[in-house]
Amino acid sequence: MSFSLHRRALLLGLLLAGGGAFAADGPPHSAPAATMTSPAQRPGHAAIASANFQATNAGLEVLSKGGNAFDAAIAVASTLSVVEPESSGIGGGFMALLHRAADGRDVFVDARETAPAAVDSKDYLNPDGSPNRDHSLNGPLSAGIPGEPAGLVWLAQHYGKLPLKASLAPAIRLARDGFTPDARLLGAIADRQKELQRWPASAAKFLPGGQPPAAGAVWRDPAQAHTLELLAEQGDQGFYHGETAAKLVKAVQAAGGRWSAADLAAYRVKERTPISLDYRGYKIVTAPPPSSGGVAIAEILNILSGFDLDKLDQAHRVHLVVEAMRRAFRDHNDYLGDPDFVKMPLDMLLSPYYADGLRQTILPDKATPSSMLPMSTARDPGMHTTHFSIIDADGNMASITSTVNYVLGSTFVAEGTGVLLNDEMDDFALVPDKPNVYGLLGSEANAPKPGKRMLSSMSPSFVIGKERTAVIGSPGGSTIITQVLEGILAFIDGEDAGAIAAHKRFHHQYMPDEIAVEQGVFDPATADALTKMGHTLKPREAWGFMNVVTWDHRSNKLEAASDPRRPSGLGKVQ
Ligand code: GLY
């Protein structure tokens, strides 16, 4: 930890803890050892929940050919690349939380994109110093070096039972033979038509005859099928070197981007230790940096563990959850980034002592205005991401969130590859902030650097209990974190997979200082009570697309549920 960051952490801790319960040195990295480390038995059958029925079916097909949850994950992710390109794809990246039944190992596979070596912050500024949103969201400057292809190869080589070729087969078939795009994809293409028209290969792929594909028409992408085939045959070599790499670099450079062949050749998957903590007798396993999600979820649960939420009415329960969210989001805005580049005060942020201090600052009946907490700059990660959850017959589990960032990513397809590139560079803090009250640059930890991974909110998680286990996650930009949190709380309260996915949601992220609410989440009395406590409620329409699988160890029954807000999803038990 740099001196200034350490000093900042101390100041914040002392301020929030009132100098009382904060311990600067030696706290445990996470809460005490969990009650439950691994589900004991095997379910004997499998379940998958994903955002698209063709992807779920692809995963089940691979399971029926002798694959395990990790082979099925490759099939689901690669099929989503073809049928749900608005959310994720081989031009993007993913974060995967895996549980291997054979040895009980939990591991986090980080296939997040990286900045190219020639990244230059000035590309994302207008001449007057204001952010150039077009460069950070559209076209090749907005694209990080993709991690998903390397992640799929890694899953096959290290965790799968089948050759990569077998697990990629359903996606290759769909890209080559075609499929009927769903209404969500057609709507995404229509929404982004103006940007897609700017790049000839994007227009050729997404706007055949100058228009989005007609509803009900079969849509094919032989170029993407060929790119997937090269990956299937040659692994990393088939994407990061040779024909595909040469086409990607040529297309990006011709359109003004800064990728080089060396950037692609240098891309590496990283395995990281997940964050784990004990909450009300359950072991929560979740995403470490470069996701901010797991740190925030752990901080919120550590704060909540000191309250008896069951004894409270809904208004007071929501008030405490919101106050915990507010404090956790304040922290993650400032401290977190790529662990290979920044030192983060994780021991502090994950410490129960730190949570004790934060809890003492929460008033039982009154909202703390965010402006009264030390200042921070909020970031706004993109919304269009996808999550899928898998448990196989042996009890292997995969919780994977995958993204190209905003809807249809950068909208830039690299000529001859069928690969739609992400616009993940927007997840960096691209525009330097003004110094905050402590004289620090709030988002320094997430500033772009050559080869660095941009901070994410993706929060693939497990909730492992003696009687029940859940594999859970969601897209939704910054609301990923609070949606997964609310899913975890609902699961621990005993709700089944369908109810968890359907649960009405609320969200607070420190700034703006308001509770974003889904219609119907609070009854009028609860809404009134929250308002009287000083909270501002603001309706929000866009919520994520949760896909959850649960396992009841008493009956050995699996349940799979896809968010009912989006009809294209499918949760299926085999
Ligand atoms: N691009 C969304 C996220 O990674 O959080």
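Residues numbered from 1 in each chain as written. Predicted model: local features only at pLDDT ≥ 70, side-chain atom pairs only at ≥ 80, totals over all residues. Heavy atoms only, no water.

Caption draft 1: Region of the structure containing the environment of V218. The topology assignment puts V218 in the loop between α9 (200–206) and α10 (222–234). Separated by 40 residues in the primary sequence, V218 and G178 place their C-alpha atoms 5.6 Å from one another. With sequence-adjacent residues up to four places away left out, V218 is seen in contact with D177, G178, F179 and T180. (Helix = DSSP H or I, 4+ residues; strand = E, 2+ residues; numbered from the N terminus. Contact = heavy atoms within 4.5 Å.)

Caption draft 2: The arrangement of the packing of aromatic side chains in detail. If you walk through the whole model with that rule in mind, you get eight aromatic pairs. Taking the centre distance of 5.0 Å and the plane angle of 65° together, the rings of F239 and Y240 count as edge-to-face. Of the two residues, F239 and Y240, neither departs from the other in class, the shared state being buried. Centroid distance F506 to F522: 5.6 Å. Interplanar angle 45°. Geometry classified as tilted. Of this pair, F506 sits in strand β13 (residues 506–507) while F522 sits in the loop between β14 (515–517) and α20 (524–532); the two residues are 16 residues apart in sequence, bridging distant segments of the chain. (Phe/Tyr/Trp six-rings, centres within 6.5 Å; stacked < 30°, edge-to-face > 60°. Buried < 20%, exposed > 50% of the residue type's maximum accessible area, 1.4 Å probe, protein only.)

Caption draft 3: Expanded view of the pairing of strand β16 (residues 547–552). Counting buried positions along β16 yields six of six residues, so the element is predominantly enclosed. What you see with β16 is no split at all: N547, V549 and W551 on one side and V548, T550 and D552 on the other are buried throughout. Pairing between strand β12 (residues 468–472) and β16: four bridges, direction antiparallel. Paired with T469 across the two strands is W551, which belongs to β16. Looking at chain direction, β16 and strand β17 (residues 557–562) are connected through six bridges and run antiparallel. Within the sheet, the bridge partner assigned to V548 lies in β17 and is A561. (Pairing = 2+ DSSP bridges.)

Caption draft 4: Looking closely at the sheet that holds strand β11 (residues 461–464). Read across the sheet, six strands follow the order β5-β6-β11-β12-β16-β17 without closing on themselves; strand pairing throughout is antiparallel. Every other strand in the sheet has two partners, leaving β5 (275–279) and β17 as the edge strands with one partner each. Direction aside, neighbouring strands of the sheet carry axes that sit 15° apart on average. Against the sheet, helix α14 (residues 293–304) contacts β5, β6 (282–286) and β11, and its axis sits at roughly 20° relative to β5. (Axes fitted to C-alpha atoms, helices over the stretch in contact; angles between N-to-C directions.)

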